[in-house]
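Here's the letter readout for the chains.
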Amino acid sequence: MGLIKKVSSYEPVHSVAEQPITAQPHVNGLDVPGLRAHYSDLEYEERRKFLKTLNQSPESLEFLTELVQKETSPLLHQAIFDSLMTQAQSGNESAVIPEVVKLLRTGDAMQRSAAVRFLSAFPEPTGELVPDLLQDESADIRLYALDVIQHLVHPDVPSWLKLVMENESHPNVITSAIDRALEAGCTELQGSLEQVAERFSSTPLITFAVELAKSRLSGISQ
């Protein structure tokens, strides 16, 4: 017969420093279904702590990018992006950034805003994707790409905006490109602005935006 362990009804109270730490699963040993199952069993604070353990685990990328579209808590949502940010900064950016770009297409407003901020922190790898985003068949994606450009420090910003001004047909996208050119102080785009004014001569809002941009950019160049 095995020994029977006596269970005491008294449980000692630990100080904060003495609190026992609940062992987290070995992340490397969990596939995506395993991560899903474990996460669903956790309470809020446990979820937040668990998400932090994934920031150095490239194998959790699929789970994190899946979770960011389901998690509704702003704080947990931020914790997911923090883990993705750490992964990208730790040398996994070539895998992380394309996954974050997908959120521009599939995410809600909160997710898209977080994705734009995230992508802006990685000028070089994000810059490689910008030209394709600016030529996406969806005008919304083209607008989100211009949102990324707004915060992106990259030498190709003027050439990207020139491409939009000379080829874009959607008024909202054109207006956004004009705004970006003005914000970035792209004085070299005066000629492109003239082309926009000619192509959209029957659209008062755009002609007004062009004249305003030309005036202010002229002031910068003087």
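Residues numbered from 1 in each chain as written. Predicted model: local features only at pLDDT ≥ 70, side-chain atom pairs only at ≥ 80, totals over all residues. Heavy atoms only, no water.

(A) Broad picture of the overall build of the protein chain. Helix and strand content of the protein chain: 12 helices and 0 strands. When the helices and strands of the protein chain are listed from N to C terminus, the series reads α-α-α-α-α-α-α-α-α-α-α-α. Taken over 222 residues, the protein chain has a buried fraction of 40%. (Helix = DSSP H or I, 4+ residues; strand = E, 2+ residues; numbered from the N terminus. Buried < 20%, exposed > 50% of the residue type's maximum accessible area, 1.4 Å probe, protein only.)

(B) Looking closely at the environment of Asp 140. Summarising the element assignment, Asp 140 is placed in helix H8 (residues 139-151). For the pair formed by Asp 140 and Val 173, sequence separation is 33 residues and the distance between their alpha carbons is 8.4 Å.

(C) Seen up close, the packing of helix H2 (residues 44-53) against helix H4 (residues 74-106). For the pair H2 and H4, interaxial distance at closest approach is 8 Å and the crossing angle is 10 degrees. Relative to H4, the element H2 is oriented roughly parallel. Between H2 and H4 the crossing geometry is left-handed. Contacts between H2 and H4 involve Tyr 44, Arg 47, Arg 48, Leu 51 and Lys 52 from the first element and Leu 75, Leu 76, Ala 79, Ile 80 and Ser 83 from the second. Split by residue class, the contact of H2 with H4 holds 6 nonpolar, 1 polar and 3 charged. (Axes fitted to C-alpha atoms, helices over the stretch in contact; angles between N-to-C directions. Parallel < 35°, antiparallel > 145°, perpendicular 65-115°, else oblique. Left-handed = near helix turned anticlockwise from the far one by under 90°. Contact = heavy atoms within 4.5 Å. Nonpolar A, V, L, I, M, F, W, Y, C, P; charged D, E, K, R; others polar.)

(D) Expanded view of the nonpolar core. One finds Leu 51, Phe 118, Leu 161 and Ile 178 to be the most contacted residues of the largest nonpolar core, which totals 62 residues. Of all the elements, H4 adds the most residues to this core, at 12 residues. (Core = buried A, V, L, I, M, F, W, Y, C linked by side-chain atoms within 4.5 Å.)

(E) Quick peek at the side chain of Ser 176. The topology assignment puts Ser 176 in helix H10 (residues 171-184). When sequence neighbours within four positions are dropped, the list of residues in contact with Ser 176 reads Leu 143 and Leu 146.

(F) Up close: the packing of helix H9 (residues 157-167) against helix H11 (residues 190-199). Relative to each other, H9 and H11 sit at 20 degrees, their axes nearing to 8 Å. On the basis of the axis angle, H9 is roughly parallel to H11. Note that H9 runs across H11; the crossing there is left-handed. Counting all contacts with H9, which are made through Lys 162, Val 164, Met 165, Glu 166 and Asn 167, the residues of H11 involved are Ser 192, Leu 193, Gln 195, Val 196 and Arg 199. Grouping the constituent residues of the contact of H9 with H11 by class yields 4 nonpolar, 3 polar and 3 charged.

(G) Spotlight on the packing of aromatic side chains. Counted by the stated rule, this structure contains 3 aromatic pairs. When the ring of Tyr 39 is compared with that of Phe 63, the centres are 5.8 Å apart and the planes differ by 70 degrees; the resulting orientation is edge-to-face. Within this pair, whereas Tyr 39 is found in helix H1 (residues 32-40), its partner Phe 63 is found in helix H3 (residues 61-67), the two being separated by 24 residues in sequence. Phe 63 matches Tyr 39 in its accessibility class, with the two residues each being buried. An aromatic cluster is defined as three or more aromatic residues linked by ring pairs; in this entry it consists of Phe 81, Phe 118 and Phe 122. (Phe/Tyr/Trp six-rings, centres within 6.5 Å; stacked < 30°, edge-to-face > 60°.)

(H) Fine view of the environment of Val 148. The topology assignment puts Val 148 in helix H8. In this structure, the C-alpha to C-alpha distance between Val 148 and Pro 123, residues 25 residues apart in sequence, is 9.7 Å. If sequence neighbours within four positions are ignored, Val 148 has contacts with Val 116, Leu 119, Ser 120 and Thr 126.

(I) Structural context of the confidence of the model for the protein chain. Residue-level pLDDT values for the protein chain average 85, and 85% of them are 70 or greater. This model gives residues 1-26 a pLDDT under 50, and the stretch forms 8 contacts once residues within four places in sequence are excluded. (pLDDT = per-residue confidence, 0-100.)

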